Each structure stands twice: as C-alpha cells, then as structure tokens.
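# Structural overview
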Amino acid sequence: MNKAIKYPLPTVNFNGTDRETLLKDNVRILSAVADLREAINASTFHPRDYYVATVTEGNYGQAPYQEAREERAKHINKIADFAEYIEQHIEHLVDQNY
C-alpha cells in the first residue's frame, strides 16, 4: 500500500497491548469484513425489486434501481476504505521490529 497514511497506527511498546494480540484482533476484523463482502455479493439485488419510482431530495425522475445501485456502491466503497484501514494496521504491525 503506497497511500500516504493520515492517521495514527498502533506502536507496540512494553506498556501497551502485545503485538500478537493486536495482529490477531485486526486479522479478525479483516476476516469479518471479508464475510460482509461475501454476504453482500451473495444477496439478491435486482431491478424488479426497485420498480416504484421514488423522489428523493434533489433527485427527480432517476430510475429507482439506478438510485439504489448508486447508494449501495457508496456504502460498498466505505467498506473497502475500512478494509484498507485495517490492512494498513496489520502491515504496520508486521513491519514493526521490537
């Protein structure tokens, strides 16, 4: 990951949580994110379920399925961002020499 990190990452030290626990916890989170992605991909998401036109603030006349797809994509992107955040924690912990 070559992205500039703009938030603090954990530093292993004698007064803090041990490295193995931090790694285990972050790997567990990443596994849960993978399970979430799998559940999303396996779920039914079909235009037939979005046939009634909706009017939302500032969005008149857009096809409801297209609007639903855009909303879902927005949240899936946030999940991807969170997964990357956790991956950066894992990478940082693995790279630390203590």
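See the structure above.
Described below are features of the structure shown in this document. Just so it is clear, the model here is predicted, and its values are computed rather than measured.

Quick notes on the rules
Residues numbered from 1 in each chain as written. Predicted model: local features only at pLDDT ≥ 70, side-chain atom pairs only at ≥ 80, totals over all residues. Heavy atoms only, no water. Helix = DSSP H or I, 4+ residues; strand = E, 2+ residues; numbered from the N terminus. Buried < 20%, exposed > 50% of the residue type's maximum accessible area, 1.4 Å probe, protein only. Areas by Shrake-Rupley, 256 points an atom, 1.4 Å probe, with all protein chains shown as cover. Expected span 1.5 Å × (residues − 1). Contact = heavy atoms within 4.5 Å. Axes fitted to C-alpha atoms, helices over the stretch in contact; angles between N-to-C directions. Parallel < 35°, antiparallel > 145°, perpendicular 65-115°, else oblique. Left-handed = near helix turned anticlockwise from the far one by under 90°. Nonpolar A, V, L, I, M, F, W, Y, C, P; charged D, E, K, R; others polar. Polar contact = N/O pair within 3.5 Å; in protein donor to acceptor, adjacent residues only side chain to side chain. Core = buried A, V, L, I, M, F, W, Y, C linked by side-chain atoms within 4.5 Å.

### What about the overall build of the protein?
Across its full length, the protein holds two helices and zero strands. For the protein, the residues scored as buried account for 19% of the 98 residues in total. As presented, the protein carries roughly 7600 Å² of accessible surface, and 54% of it is formed by carbon and sulfur atoms.

### Some details on helix α1 (residues 19–42)
Compared with the 34 Å implied by 1.5 Å per residue over 24 residues, the 34 Å span of α1 between its first and last C-alpha is a close match. Summarising the contacts, the buried residues of α1 are in contact with α2 (64–95).

### Observations regarding the packing of α1 against α2
Closest axis-to-axis distance for the α1/α2 pair is 9 Å, and the angle between their directions is 160 degrees. By the angle class used here, α1 and α2 are roughly antiparallel. Along this stretch, α1 crosses α2, giving a crossing that reads as left-handed. Contacts from Arg19, Leu22, Leu23, Asn26, Val27, Ile29, Leu30, Val33, Leu36, Arg37 and Ile40 of α1 reach α2 at Arg72, Ile76, Ile79, Ala80, Phe82, Ala83, Ile86, Glu87, His89, Ile90, Leu93 and Val94. Here the contact of α1 with α2 is composed, by residue class, of 17 nonpolar, two polar and four charged.

### Describing the side chain of glutamine 96
Assignment of secondary structure puts glutamine 96 in the segment after α2. For glutamine 96, a relative accessible area of 14% gives the class buried. For glutamine 96, the side chain forms a polar contact with the main-chain nitrogen of valine 12, separated by 2.9 Å. Contacts of glutamine 96, omitting those with residues within four sequence positions, involve Pro10, Thr11, Val12 and Arg19.

### Considering the nonpolar core
Val12, Leu22, Leu23, Ile86, Ile90 and Leu93 together form the largest nonpolar core, which totals six residues. Listing elements by their share of this core, those giving two or more residues are α1 and α2. A total of three residues in this core trace back to one element, the largest contributor, which is α2. Beyond its immediate chain neighbours, meaning those up to four positions away, isoleucine 86 contacts Asn26, Ile29 and Leu30.

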